[in-house]
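Residue strings, one per chain:
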Amino acid sequence: PLFVEKPLGRNAAEARRIAAVIDNAGIPFATGFFLLCLPALRQVRDLLRDGRLGELVSVHAGFTHTGLPSGAFAGETAWMLDPDRAGFGAFGDLGTHLLDALGWLRPGAELTLHSACLTSAADQALDVAGSALLTWGESVLCTVSTSWVSRPGGLSIRLEGTVATAVVEGGRL
């Protein structure tokens with residue numbers, strides 16, 4: 001069995017190449033997408049599967065932390081700030097988790113990117129925050145926001161439907 005922490009590559013081509021090697025090896029594989037372990041997201045998946053929110057209208061997913069100002073990227077984790085080793089910044093780091101979770105919540109609902117904006121800092125080579133506007137499935141508007149400099153930080157997902165709204169904050173639904 002193989003566990004590979006993200007990033008699988010510094011860009012999409014590298015990630016696809018590594019994924020193909022893993023697939024061809026025919027061994028059990030996992031990566032560190034830990035949001036799927038949250039009981040609150042399992043509850044949201046059930047709500048969506050059972051149609052209890054009605055038709056989805058919009059979704060906002062945010063994942064932030066204080067890693068940069070708190071010094072979390074020093075020493076052994078300094079590679080995360082190096083474009084040659086990490087390949088991307090806060091948006092790639094945290095946005096990957098959100099996109100994985102959204103894909104898991106609604107299997108088969110494609111995410112289509114319409115626009116994205118990255119926030120940079122004068123002393124950093126990589127972005128420190130970012131947001132994107134997507135369509136989730138046929139017509140659900142979805143925003144994804146991330147940051148390495150937000151206080152207090154955390155996970156926030158709001159799903160608005162025609163019947164009800166579900167909000168995940170602080171790990172709870």
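Higher on the page you've got the structure.
All figures in this text were calculated on a predicted structure; none of them were measured in a lab.

*Asks:* Sorry if this is basic, but what is going on with the overall build of the protein here?
*Replies:* A tally of regular secondary structure across the protein gives three helices and eight strands. Mapped from its N terminus to its C terminus, the protein presents α and β elements in the order β-α-β-α-β-α-β-β-β-β-β. Relative to its length of 173 residues, the protein is compact, with a C-alpha radius of gyration of 17 Å against a globular reference of 16 Å. Counting only C-alpha atoms and orienting by the principal axes, one finds that the protein spans roughly 50 × 40 × 30 Å. Looking at the protein residue by residue over its 173 residues, the buried ones come to 36%. Look at the contacts in the protein between residues 6 or more apart in sequence, and 70% of them connect residues 24 or more apart.

*Asks:* Quick question: what am I supposed to make of the pattern of salt bridges here?
*Replies:* Pairs can form between side chains of opposite charge once their charged atoms are near each other. Taken as a whole and judged by the stated rule, the model has five salt bridges. Notably, a salt bridge pairs Glu-14 with Arg-10, separated by 2.4 Å at the nearest N-O pair. The class of Glu-14 is buried, set by a relative accessible area of 16%. Asp-46 is paired through a salt bridge with Arg-49; the nearest N and O atoms lie 3.0 Å apart. With Asp-46 and Arg-49 both in helix H2 (residues 39-50) and three residues apart, the pair spans about one turn of that helix. Accessibility expressed as a relative area gives 58% for Arg-49, which makes it exposed.

*Asks:* Would you mind showing me how to read a nonpolar patch on the surface here?
*Replies:* On the surface, Leu-2, Ile-27 and Phe-29 cluster together into a nonpolar patch covering about 230 Å² of accessible area. Mapped onto the elements of the fold, Ile-27 is located in the loop between helix H1 (12-25) and strand S2 (29-31). The partly exposed category is assigned to Ile-27, whose relative accessible area is 40%.

*Asks:* Sorry if this is basic, but what is going on with the layout of surface pockets here?
*Replies:* By volume, the largest pocket amounts to about 410 Å³. Leu-8, Gly-9, Ala-15, Phe-88 and Thr-96 are, among the 15 residues lining the largest pocket, the residues nearest its centre. The residue makeup of the lining of the largest pocket, split by class, is six nonpolar, five polar and four charged. Space inside the second largest pocket adds up to approximately 170 Å³. Every residue along the wall of the second largest pocket is listed here: Glu-5, Lys-6, Gly-32, Phe-34, Phe-63, His-65, Trp-79, Met-80, Asp-93, Leu-94 and His-97. Tallying contributions element by element places helix H3 (residues 90-105) first for the lining of the second largest pocket, with three residues. Of the residues belonging to the lining of the second largest pocket, the class tally is five nonpolar, three polar and three charged.

*Asks:* Looking at this structure, how should I read the pairing of strand S5 (residues 129-136)?
*Replies:* Here is the key point about a regular strand: its side chains alternate between the two faces of the sheet. Within S5, six of the eight residues are buried, leaving the element largely enclosed by the surrounding structure. Note: strand S4 (residues 111-119) against S5, eight bridges, orientation antiparallel. Bridged to Leu-118 within S5 is Gly-130. The antiparallel hairpin formed by S5 and strand S6 (residues 140-147) contains three residues in its connecting segment, where Gly-137 sits at a positive phi of about 80°.

*Asks:* I keep staring at the side chain of His-97 and nothing clicks. Help me out?
*Replies:* Inspection of the secondary structure assignment puts His-97 in helix H3. Judged by its relative accessible area of 4%, His-97 is buried. In this structure His-97 touches Lys-6, Gly-32, Phe-33, Phe-34, Leu-35 and Phe-63, once residues within four positions along its chain are discounted.

*Asks:* Explain the environment of Pro-7 to me, please; I cannot follow it from the model alone.
*Replies:* Looking at the element boundaries, Pro-7 is found in the loop between strand S1 (2-4) and H1. The exposure class assigned to Pro-7 is partly exposed, which follows from its relative accessible area of 21%. With 60 residues separating them in the primary sequence, Pro-7 and Gly-67 have C-alpha atoms 17 Å apart.

The rules behind the values
Residues numbered from 1 in each chain as written. Predicted model: local features only at pLDDT ≥ 70, side-chain atom pairs only at ≥ 80, totals over all residues. Heavy atoms only, no water. Helix = DSSP H or I, 4+ residues; strand = E, 2+ residues; numbered from the N terminus. Rg over C-alpha atoms; globule rule 2.2 N^0.38 Å. Buried < 20%, exposed > 50% of the residue type's maximum accessible area, 1.4 Å probe, protein only. Contact = heavy atoms within 4.5 Å. Salt bridge = Lys/Arg side-chain N within 4 Å of Asp/Glu carboxyl O. Patch = residues over 30% accessible without salt bridge, like charges linked within 9 Å, V, L, I, M, F, W, Y side chains within 5 Å. Areas by Shrake-Rupley, 256 points an atom, 1.4 Å probe, with all protein chains shown as cover. 1 Å grid on protein atoms, 1.4 Å probe; cavity = no way out; pocket = protein on both sides within 12 Å on 5 of 7 lines; lining within 4 Å. Points joined across faces, edges and corners; volume = space filled by probe spheres on them. Nonpolar A, V, L, I, M, F, W, Y, C, P; charged D, E, K, R; others polar. Pairing = 2+ DSSP bridges.

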